Amino acid sequence: MVSHSDEGTIGDLVVSVREGKGRVSVLKRYLLTPGPTPVPDEVLLAGARGIMHHRSPEYSELFLRVVGGLKYVFQTSNDILIFSGSGTASMESAVANLLSPGDPVLIASCGNFGERWQKICATYGADATVLEYEWGRTVDPDDIERALAERDDYVALFVTQSETSTGAVNDIETIAEIVRSHPAVLVVDAVSSLGATDLETDGWGVDVVCSGSQKALMTPPGLAFCSVSPAAWALCEKAINPSFYLSWKLARAALALADPQMPWTPPVSIMLALDKALEMIEDEGLERVFVRHRILAKATREAVKALGLELFAGDDPAQSSVTSAVVPEGIDGRQVTRIMRVTYGVTIAGGQGRLDGKIVRLGHCGYFGPFDIITAVAALEMTLRQLGFDCQLGAGVSAAQRVFMEERGW
Ligand code: PMP
């Protein structure tokens, strides 16, 4: 079926039909954003199975297997709760279930998703103190130490591991060490980092980790997860903020049934897909998954530098999920992403909020390999040249190739 619009989607392909000229061009599409991310065929096919009933022994088996797979990726033996929803649902569930109105909380924020913690906490009436950093910077753990020393009544600290809007990655291990000697629970948004960057939930002592299905977990959007430590459960017992659909206690009660399940009808197809993706991650092994991400990220950073662009969040090897590049003076970043998408079929992300038009973001979390990076960089080079930027075609590509040849570890 060919759509008679300028752009119609047929599965993986975009078919452009220029009516009247009798010209049909087929443009293959590449999804190279930091979320949603490409999904392996095996995972898509697993999700295409017939629908099973969610109150059945078959579903309980699937559900428990998924919880087990998530525990492996979260590196935890804490409870894992699963919700229908995107990553923000897991963040909102944490605020709703941990806090009561007026509770003092500390938020360390260095981008759009740090601001999301602020907005959710404001929605639930928390008394938030915000450590705010320029977008592109990371949170300074010393500031957290000082803030926690100044007052001992913070009930929670909210922070982001990989700040997807800028690429910056915060040092959760050091932050966790600081928070450990304080009564506050540590809540980490790992929506874009879980499964791409090391996060030792139990090893580092992170109380609550929030994530979602559509990034490094190589699964379609639609599922949200939280890991909950005993200290977080203790805070939850005292919390009086309202929560129903995202109630942790209801999720825990359904998990504890003889036939474990979720309280409400889950997206069964996405659970089936996630089950397959988790199996693939376990087969590859978490450590190898992290190494692959580090190599892909390094190649992307080297390519960006070779093109003469500035890395927006610095040349930090911790940035495993997304690389952001400053768009050269005089070029509108929105044009870059539009031309890449429409002319070359390559979708990368632009800047969010105040960075709209100023940066572009190349994703490499989840189901990515070397030739995804080479594709993105090649299309970026061609687009920048088209927009009049003086860069050498192939400069970025060869820089990425050199990293892949040197590393050979993906
Ligand atoms: N936090 C981070 C770090 C993210 O990258 C995202 C998604 N871009 C979210 C939260 C929100 O997730 P969602 O869009 O799935 O609700």
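What counts and what doesn't
- Residues numbered from 1 in each chain as written.
- Predicted model: local features only at pLDDT ≥ 70, side-chain atom pairs only at ≥ 80, totals over all residues.
- Heavy atoms only, no water.
- Helix = DSSP H or I, 4+ residues; strand = E, 2+ residues; numbered from the N terminus.
- Buried < 20%, exposed > 50% of the residue type's maximum accessible area, 1.4 Å probe, protein only.
- Contact = heavy atoms within 4.5 Å.
- Near = heavy atom within 4 Å.
- Areas by Shrake-Rupley, 256 points an atom, 1.4 Å probe, with all protein chains shown as cover.
- 1 Å grid on protein atoms, 1.4 Å probe; cavity = no way out; pocket = protein on both sides within 12 Å on 5 of 7 lines; lining within 4 Å.
- Sits in = over half its atoms within 2 Å of the grid points.
- Points joined across faces, edges and corners; volume = space filled by probe spheres on them.
- Nonpolar A, V, L, I, M, F, W, Y, C, P; charged D, E, K, R; others polar.
- Pairing = 2+ DSSP bridges.
- Axes fitted to C-alpha atoms, helices over the stretch in contact; angles between N-to-C directions.
- Phe/Tyr/Trp six-rings, centres within 6.5 Å; stacked < 30°, edge-to-face > 60°.
- Lys NZ or Arg CZ within 6 Å of the ring centre and 35° of its normal.
- Expected span 1.5 Å × (residues − 1).
- Salt bridge = Lys/Arg side-chain N within 4 Å of Asp/Glu carboxyl O.

K.L.:
Please clarify how the environment of Val327 should be interpreted in this entry.
P.N.:
For Val327, the position within the fold is in the loop between strand S12 (322-326) and helix H12 (333-344). Since its relative accessible area comes to 10%, Val327 is described here as buried. In the structure, Val327 is positioned 80 residues away from Ser247 in sequence and 43 Å away in space, judged by C-alpha atoms. With near-sequence residues (within four places) excluded, Val327 lies in contact with Asp332, Gly333, Val336, Gly357, Lys358, Ile359 and Val360.

K.L.:
Would you take a moment to explain the site of the ligand for this structure?
P.N.:
Neighbouring residues of the ligand: 14 residues in total, closest Ser86, Thr88, Thr164, Asp189 and Gln214. Here the ligand loses 88% of its free accessible area of 390 Å² to cover by the protein chains. When each cavity is represented as a set of grid points, the ligand is found to reside in the second largest pocket. At the level of elements, helix H3 (87-98) and helix H4 (112-123) are the ones that each hand at least two residues to the shell around the ligand.

K.L.:
Mind showing me how you'd approach the layout of surface pockets here?
P.N.:
Once rolled over the atoms, a probe with the size of a water molecule shows which space is left empty. Taken as a whole, the second largest pocket spans an internal volume of roughly 220 Å³. If you trace the second largest pocket, you find 17 residues lining it, with Gly35, Phe113, Gln214, Lys215 and Gln352 closest to the centre. Those elements that provide at least two residues to the lining of the second largest pocket are H3 and H4. Element by element, the count of residues in the lining of the second largest pocket is highest for H3, at three residues. Grouping the amino acids of the lining of the second largest pocket by side-chain chemistry returns six nonpolar, seven polar and four charged.

K.L.:
How should the sheet that holds strand S15 (residues 359-363) be read in this particular structure?
P.N.:
Taken together, the three strands give an open sheet; going across it, the order is S12-S15-S14, and neighbouring strands pair in antiparallel fashion. Single-partner strands in this sheet number two, and they are S12 and strand S14 (349-350). Relative to S15, S12 is paired through five bridges, and the arrangement is antiparallel. For Thr323, the partnering residue across the bridge sits in S15 and is Leu362. Relative to the sheet, helix H11 (residues 286-306) contacts S12 and S15, its axis offset from that of S12 by approximately 10 degrees.

K.L.:
Sorry if this is basic, but what is going on with the packing of aromatic side chains here?
P.N.:
A ring pair, where both rings are aromatic, is described by two values, the distance of the centres and the angle of the planes. As enumerated under the stated definition, the model contains six aromatic pairs in all. Taking the centre distance of 4.8 Å and the plane angle of 45 degrees together, the rings of Trp117 and Phe158 count as tilted. Linking Trp117 in helix H4 with Phe158 in strand S8 (residues 156-160), this pair joins segments that are 41 residues apart in sequence. For the pair shown, Trp117 and Phe158 are each scored as buried. Taken together, Phe244, Tyr245 and Trp264 form an aromatic cluster joined through their ring pairs. Across the ring face of Tyr154, the terminal group of Arg151 is positioned such that the distance to the ring centre comes to 4.8 Å.

K.L.:
Would you mind going over unusual backbone geometry with me for this structure?
P.N.:
Among all residues except glycine, the phi angle is most often negative; among peptide bonds, the trans geometry is most common. Put simply, Gly35 and Pro36 share a cis peptide bond, and its omega is -5 degrees. Along the chain, Pro36 falls in the loop between strand S4 (30-31) and helix H1 (41-47). Positive phi values are uncommon outside glycine, yet Gln75 reaches one of about 55 degrees. Among the structural elements, Gln75 can be located in the loop between helix H2 (57-74) and strand S5 (79-84).

K.L.:
Would you mind going over H3 with me for this structure?
P.N.:
An α-helical turn contains 3.6 residues, so any two residues separated by three or four positions project in the same direction. Under the 1.5 Å per step criterion, the end-to-end length of H3 is 17 Å for 12 residues, consistent within 8% with the ideal 16 Å. With 10 of 12 residues buried, H3 is to be regarded as a mostly interior element. All buried positions along H3 are accounted for by Gly87, Ala89, Ser90, Met91, Ser93, Ala94, Val95, Ala96, Asn97 and Leu98.

K.L.:
Could you clarify how one ought to interpret the pattern of salt bridges in this entry?
P.N.:
Where charged atoms of side chains with opposite charge meet at close range, the side chains can pair. Per the counting criterion, the structure on display carries 16 salt bridges. A salt bridge links Arg151 to Asp153; the nearest nitrogen and oxygen atoms lie 2.8 Å apart. Taking relative accessible area as the criterion, Asp153 reaches 35% and is therefore assigned partly exposed. Across the salt bridge formed by Arg252 and Glu237, the nearest N and O atoms sit 3.0 Å from each other. Taken together, the residues span a long stretch of sequence, with Arg252 in helix H9 (residues 248-255) and Glu237 in helix H8 (residues 230-238) at a distance of 15 residues. Overall, Arg252 belongs to the partly exposed group, its relative accessible area being 27%. When salt bridges with common partners are traced through the structure, they connect Arg301, Glu302, Lys305 and Asp315 into a single cluster.

Read these as spatial facts, not as claims about activity.
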